[in-house]
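Coordinate analysis (summary)
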Amino acid sequence: MRKNNVFQETEKIELKRLLNDSFAKEVVSFLNTNGGIIYIGVEDDGTIIGIDNLDENLRNIADIITTQILPNPQEFVKIETFKENNKQIIKVTINVGKSLYYIKKYGRSSTGCYVRVGTSSRSMTEEQIEKKYIDGLNIVKPTIKEIESDRQDLTFNQFKYLLNFYGVHVNNSAFDKNFNLRNKSKLYNKLAFLLSDQNNISIKVVRFKGEDKSEFISRKEFGYCCLIKAMSNSLEYVLDILNIIQTEIINGVRIDTPYFDKDSFREAWINAICHHDWAQGTPPAVYAFDDRIEIISHGLLKKDLTIDEFYSGVSKPVNEDLAKILTQMHFIEQSGRGIPTIIKKYGKSVFHFGTSFIECIIPYNIIDKNKINEMNGIPFDKMPNDTVNDTVNDTVKCIYQIIVENNNITINEIMKKINRSRPTVTRAISLLKKQNKIKRIGSDKTGYWIIIT
């Protein structure tokens, strides 16, 4: 082992014998101060010892950068390797960031936020944290109109089809100009990439069992296509499949109650698309639980828009050019009624503003079946144990009669016949099976029903 005078710890250089738990802290401190370099494989006194298991260490470094630090600092970090005295050394160069950076595990607190002081990393005070956070908000970020697309071989067949479908005239000779698809250098911009056939961003709709994320049910991905197509498809899936219609009969009158208000969800989802920071990697997402549905978009409000103005319906989307296109296609109204629609239905408390995200949490309106039975005059001690019986559930009765009349009918045909979603139909069929009224022989496509009672 040799000592090399080139390696010496300073305010901008950190030497590490090996990758350890303090690495994230040191990266954060450089991001929050003036940048710097971390050499791994070098003792504090400059002695070169090198790194074993180079690939594994590189993977671990990349994992720390992308998963343990917020906001995602990838664009400010460069990872390299080189040999010194025939020994492998890892060089991590960190440029000063544009926001307040912190260790995800500890959050925006003194145990998660650090600055570089001399040759060490020091916890930030609450005053330093607040100032750095506010300063970060005042930085003017480039818009998706200004950011150059990673690809320039873009096509827009899906986008043009959707424009025609929604009645927007397409002038091919002025197409790029009319929709602001090129930056000042006449190159395709990030907006063009999002609207192109080559867009590789995937929007996720994830379902969980229960009221937390401990038990996963399913995940649907909508993407790798024009953003507006992905937005529309994900919206349709949520409203048709996840927004379960609860059907009850109250004193002979049929009442249909959805889990949540479809107009409120639609406005919240489109708002998330328009306010999302598309320059960073994580796309907006929808999470469905047993008691609520959550919409999360990364990024914050436009810096000159206050939260009170946001609540009142003042329209200042982060992605103005994208919002203009959605307005032309009638996804958005210029009246600014979107957010007030949500607030009128659910209140301001459904919106949560984090340090780098906006979340809208819409609670489900789940029917109390015991209360419905009481309204129908059924004594509590005679209420069904786990479901509403067929004298109360009109949907179950309707499906039973359809199967009696045609024992070859499929679930898809029943869905179309009564205009109900698959979850609604399959739940009703499960009830009929449980009540020993019907039995299915064979597959859904080629089988048939047996009427038991």
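Note that residues are indexed from 1 along each chain, following the sequence as it is written. Local features are withheld for residues below a pLDDT of 70 in this predicted model, meaning they are given only at 70 or higher, and side-chain atom pairs are given and counted only at 80 or more; totals for whole chains, interfaces and linings count all residues. For the side-chain quantities, the full set of heavy atoms in the structure was used; hydrogens and water were omitted.

**A look at the confidence of the model for the chain**
Low pLDDT marks stretches whose predicted atomic positions should not be read closely. The predictor's confidence in any single residue is recorded as pLDDT, a number from 0 to 100. Per-chain confidence: the chain averages 87 in pLDDT, with 90% of residues scoring 70 or above. Mean pLDDT across the elements of the chain ranges from a minimum in strand β1 (residues 2-3), with 49, to a maximum in helix α6 (residues 190-195), with 97. The contact rule is simple, with two residues in contact once any of their heavy atoms fall within 4.5 Å. The model gives residues 378-392 a pLDDT under 50, and that stretch makes 23 contacts with residues more than four places away or in other chains. For the purposes of this entry, the term helix denotes a DSSP run of H or I that reaches at least four residues, the term strand denotes a run of E that reaches at least two, and both are numbered from the N terminus.

**As for the sheet that holds strand β6 (residues 77-84)**
Reading across from one edge, β2-β3-β7-β6 is the order of the four strands in this open sheet, with mixed pairing throughout. Because the sheet does not close on itself, it has two edges, and the strands there are β2 (13-16) and β6. Looking at each pair of strands side by side, their axes are set apart by 20° on average, direction ignored. Bridge analysis of strand β3 (residues 36-40) against strand β7 (residues 87-94) gives five bridges, and the strand direction is antiparallel. From the neighbouring strand, glycine 36 faces β7, where its bridge partner is isoleucine 94. Docked against the sheet, helix α1 (residues 23-32) engages β2, β3 and β7, running at close to 160° with respect to β3. In short, DSSP must find at least two bridges between two strands for them to pair. For every element, the axis is a line fit to its C-alpha atoms; helices are fit only across the contacting stretch, and the angle between N-to-C directions ranges from 0 to 180 degrees.

**Here's the deal with the packing of aromatic side chains**
We call Phe, Tyr and Trp rings a pair once their centres come within 6.5 Å, taking the six-membered ring for Trp, and we label the pair stacked below 30 degrees between planes, edge-to-face above 60, and tilted otherwise. Counted under the stated rule, the structure contains 23 aromatic pairs. Summarising the aromatic geometry, the rings of phenylalanine 156 and phenylalanine 175 are spaced 5.6 Å apart at their centres and angled 55° between planes, so their arrangement reads as tilted. Here phenylalanine 156 is found in the loop between α3 (126-137) and α4 (157-165), whereas its partner phenylalanine 175 is found in helix α5 (residues 175-178), with 19 residues between them in sequence. Measuring from centroid to centroid gives 5.4 Å for phenylalanine 208 and phenylalanine 289, while their planes differ by 15°, and the two rings are stacked. Here the residue phenylalanine 208 occupies a position in strand β11 (residues 202-209), and phenylalanine 289 occupies one in the loop between β15 (285-288) and β16 (292-298), the gap between them amounting to 81 residues.

**Considerations on the environment of lysine 104**
You can see lysine 104 is positioned in the loop between β8 (102-103) and β9 (114-117). Residues lysine 104 and isoleucine 343 lie 239 residues apart in sequence; the distance between their C-alpha atoms is 31 Å. Beyond its immediate stretch of four places on either side in the chain, lysine 104 contacts Thr67, Gln68, Ile69 and Leu70.

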